[in-house]
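Architecture and fold: a report
If you want the building blocks of each chain, they are given just below.
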Amino acid sequence: MRTYKKCLATVLFAMALTSSPAPSKAEFPLDAFTQTEAEKFYFTGIAHQSQDNPSVAIEWFRKSAELGHSEAQVRLAFAYANGIEVPKDISKAMYWNQKAAEQGHPTAQFNLAVAYDLGTAGFQQNKTKAFEWFSKSAKQGHAKAQCELGNIFSDGKSVSSNTQEALRWYRLSAAQGNAPALKQISLIYEEGKGVLQNYIHAHAWALVAVSLGSPDGYVARKRLSEKMTKEQIAESQKLAPTLLGK
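Since this is a predicted model, take the numbers as computed values, not measurements. (Residues numbered from 1 in each chain as written. Predicted model: local features only at pLDDT ≥ 70, side-chain atom pairs only at ≥ 80, totals over all residues. Heavy atoms only, no water.)

1. Considerations on the environment of Asn126
Worth spelling out the cut-off: Each helix is a run of H or I in the DSSP string that is no shorter than four residues. Each strand is a run of E no shorter than two, and both are numbered from the N terminus. Only protein chains enter the accessibility calculation, which uses a 1.4 Å probe. A residue is then buried if its area is under 20% of the maximum for its type, exposed if over 50%, and partly exposed in between.
Looking at the secondary structure, you find Asn126 in the loop between α5 (106-118) and α6 (127-139). Looking at Asn126, the relative accessible area reads 26%, which means it is partly exposed.

Right under this line is the structure:
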């Protein structure tokens, strides 16, 4: 049964700032004349944020967001969702998040998908819309959205069950170091769900999860090791480093 513990390590909006850290000096446009007004306001907000002046940063993000800057909209949404220098207001958070999502911001699209999937933050539960927004975010490379698509195709509840499609999205997510996706791949091979049961592959994927410090990876490795021969474990150990193409 799918739960958000598999792929959502954070609550709504928790990835908004961590996925978009303050840029270094090298990332600021060298020529201010090439910047739009929205960009100037946004980078002014970033400068104040880096100087630990969040209240001023939020106001610059607001100015930028009102001019349509999607990253500023996501940051303003994060502020409202968490009560950072503004009164906590989920309705306003979702207003700005949706603005950014409609402009193609992958984190905002992911947040919107979660809201539809759970029926939270003032949104009526709608699995079809959740799938659409997860898909948009995942296609832009959002690791957690990719993992959620894997869950959706694995469950086969809101779309037809498709293990190969689930594995495709899990692997894309896993390639970005998303441990929950690694766990799901390991489980598919361990249980033989839509594929031939293969403890060697299951154990190898669990080893990759262990390499990322995943507690679930340690549990899976131990469970699988008890079912395998020493020769199988040795083969798995050789296979693991090749799985993510590293």
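Having seen the structure, we can now continue with the description.
2. A few points about the packing of aromatic side chains
Between two aromatic rings, the relevant description is the distance of the centres plus the angle of the planes. Threshold: Between rings of Phe, Tyr and Trp, where Trp is taken as its six-membered ring, a pair exists when centres lie within 6.5 Å; planes separated by under 30 degrees are stacked, by over 60 edge-to-face, and by other angles tilted. By definition here, charges over rings are those cases where NZ of Lys or CZ of Arg is within 6 Å of the ring centre and within 35 degrees of the ring normal.
Applying the stated criterion to the full structure yields seven aromatic pairs. Summarising the aromatic geometry, the rings of Phe41 and Trp60 are spaced 5.3 Å apart at their centres and angled 45° between planes, so their arrangement reads as tilted. Residue Phe41 is found in helix α1 (residues 37-50), and its partner Trp60 is found in helix α2 (residues 54-66); the two are separated by 19 residues along the sequence. When the centroid spacing of 5.7 Å and the interplanar angle of 35° are considered together, the rings of Tyr42 and Phe61 count as tilted. Taken as a pair, Tyr42 in helix α1 and Phe61 in helix α2 lie far apart in primary sequence, 19 residues in all. Three or more aromatic residues joined by ring pairs form one cluster here, namely Tyr42, Phe43 and Phe61. Taking the ring centre of Trp133 as reference, the NZ or CZ of Lys136 above it sits at 4.2 Å. When the ring centre of Trp169 is taken as origin, the NZ or CZ atom of Arg168, which lies over that ring, is 4.5 Å away.

3. As for the side chain of Ser236
What counts, and what does not: Distance and chemistry together define a polar contact, namely a pair of N or O atoms within 3.5 Å, with one atom able to donate a hydrogen and the other to accept it when in protein, and with adjacent residues in sequence counting only for side-chain atoms on both sides.
Here Ser236 lies in helix α12 (residues 230-239). Among the polar contacts listed, one links the side chain of Ser236 to the backbone oxygen of Ile200, at a separation of 3.4 Å. Within the structure, the side chain of Ser236 is placed 2.7 Å from the side chain of His203, a separation counted as a polar contact.

4. Looking at the confidence of the model for the chain
Keep this limit in mind: Every residue gets a pLDDT, meaning the predictor's confidence in that residue, from 0 to 100. Only heavy atoms enter the contact rule, under which two residues are in contact if any of them lie within 4.5 Å.
Overall, the predicted model of the chain reaches an average pLDDT of 88, with 86% of residues at or above 70. Throughout residues 1-6 the model reports pLDDT below 50, and contacts reaching past four residues in sequence, or to other chains, amount to 14 contacts. The low-confidence segment residues 13-27 (pLDDT under 50) makes 30 contacts with residues lying over four places distant or belonging to another chain.

5. Thoughts on α5
The following threshold applies: The span one expects for a helix is its residue count, reduced by one, times 1.5 Å.
Helix length check: α5, at 13 residues, gives a terminal C-alpha distance of 18 Å against a target of 18 Å (1.5 Å per residue), a fit within 8%. α5 sits mainly inside the fold: eleven of its 13 residues count as buried. Taken as a whole, α5 has its buried residues at Thr107, Ala108, Gln109, Phe110, Asn111, Leu112, Ala113, Val114, Ala115, Tyr116 and Asp117. The inward-facing, buried residues of α5 contact α3 (70-82), α4 (90-102), α6 and α7 (143-155). Just past α5, the residue Gly119 takes up positive phi, approximately 65°.

6. Thoughts on the packing of helix α10 (residues 199-211) against helix α11 (residues 215-225)
Heads up, the condition is: Angular values range over 0 to 180 degrees, each being the angle between N-to-C directions of two axes fitted as lines to C-alpha atoms, with helices fitted over their stretch in contact. Under this scheme an angle from 65 to 115 degrees is roughly perpendicular, one under 35 degrees roughly parallel, and one over 145 degrees roughly antiparallel; angles in between are oblique. Each crossing gets its hand from how the near helix is turned against the far one by less than a right angle, where anticlockwise is left-handed and clockwise is right-handed. All amino acids are sorted into three groups, where Ala, Val, Leu, Ile, Met, Phe, Trp, Tyr, Cys and Pro are nonpolar, Asp, Glu, Lys and Arg are charged, and the leftover types, Gly among them, are polar.
Closest axis-to-axis distance for the α10/α11 pair is 8 Å, and the angle between their directions is 150°. Between α10 and α11, the angle is such that the two are roughly antiparallel. In this structure, α10 crosses over α11, and the sense of that crossing is left-handed. The residues of α11 that touch α10, namely those facing Tyr199, Ala202, His203, Ala206, Leu207, Ala209 and Val210, are Gly217, Tyr218, Ala220, Arg221, Leu224 and Ser225. Of the residues in the contact of α10 with α11, the class split is nine nonpolar, three polar and one charged.

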